[in-house]
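Architecture and fold: a report
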Amino acid sequence: MQIPEIKTRLTITQVLNHYNLRPDRNHRLLCPFHEDKTPSLQVYPDTNTWTCFSTNCHAGSGDVIDFILNKEGFSKHEAIEKATKLAQS
Ligand SMILES: [Zn+2]
């Protein structure tokens, strides 16, 4: 599956569900990419992107593939493979 197709088929909500991550009603989440005490990670369901606003965080922002890449410590290639599987499930 090509990246544009993954992005049309896989939502950020599906990815979060896969990792049992539940954003609050403001679409904020304890960031899984750094030691987070207050929810620093903002999820944008409309664009299927996310941003971590903590200055302690290396992850920054990204899309569904970047989320998987950071969460798993994957290479881009591995993250695309996993995203393809999730998009088809
Ligand atoms: Zn973070």
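You'll find the structure just up there.
Residues numbered from 1 in each chain as written. Predicted model: local features only at pLDDT ≥ 70, side-chain atom pairs only at ≥ 80, totals over all residues. Heavy atoms only, no water.

Another aspect to go through is the overall build of the protein chain. A tally of regular secondary structure across the protein chain gives four helices and four strands. Along the chain direction, N to C, the helices and strands of the protein chain fall in the order α-α-β-β-β-β-α-α. Against the compact-globule benchmark of 12 Å for 89 residues, the protein chain has a radius of gyration of 12 Å, which places it among compact chains. The dimensions of the protein chain, computed from C-alpha atoms along their principal axes, are 35 × 25 × 20 Å. Going through the 89 residues of the protein chain one by one, you find that 40% of them count as buried. Long-range contacts, defined as pairs at least 24 residues apart, comprise 41% of the intrachain contacts of the protein chain with a sequence gap of at least 6. (Helix = DSSP H or I, 4+ residues; strand = E, 2+ residues; numbered from the N terminus. Rg over C-alpha atoms; globule rule 2.2 N^0.38 Å. Buried < 20%, exposed > 50% of the residue type's maximum accessible area, 1.4 Å probe, protein only. Contact = heavy atoms within 4.5 Å.)

This part takes up the sheet that holds strand β1 (residues 28–29). What the four strands build is an open sheet, ordered β1-β2-β3-β4; its pairing is antiparallel. Since the sheet does not close on itself, it has two edges, and those belong to β1 and β4 (61–62), each with one partner. With two bridges joining them, β1 and strand β2 (residues 41–44) adopt antiparallel strand pairing. Looking at β2, one finds that R28 is bridged to Q42. (Pairing = 2+ DSSP bridges.)

The tally for this structure, following the rule as stated, stands at four salt bridges. When the shortest N-O distance is used, the salt bridge between K76 and D66 registers 3.4 Å. Of the two residues, K76 sits in helix α4 (residues 76–88) while D66 sits in helix α3 (residues 64–72), which places them 10 residues apart along the sequence. Assessed through its relative accessible area of 41%, K76 is described here as partly exposed. (Salt bridge = Lys/Arg side-chain N within 4 Å of Asp/Glu carboxyl O.)

Let us look at the packing of α3 against α4. Packed helices, taken two at a time, are described by the angle between their axes plus the distance between the axes. In contact at an axis separation of 9 Å, α3 and α4 are set at 115° when each is read in the N-to-C sense. Where α3 crosses over α4, the handedness of that crossing is right-handed. Seen from α3, the contacting residues are I65, D66, I68, L69 and E72; seen from α4, they are K76, A79, I80, K82, A83 and L86. (Axes fitted to C-alpha atoms, helices over the stretch in contact; angles between N-to-C directions. Left-handed = near helix turned anticlockwise from the far one by under 90°.)

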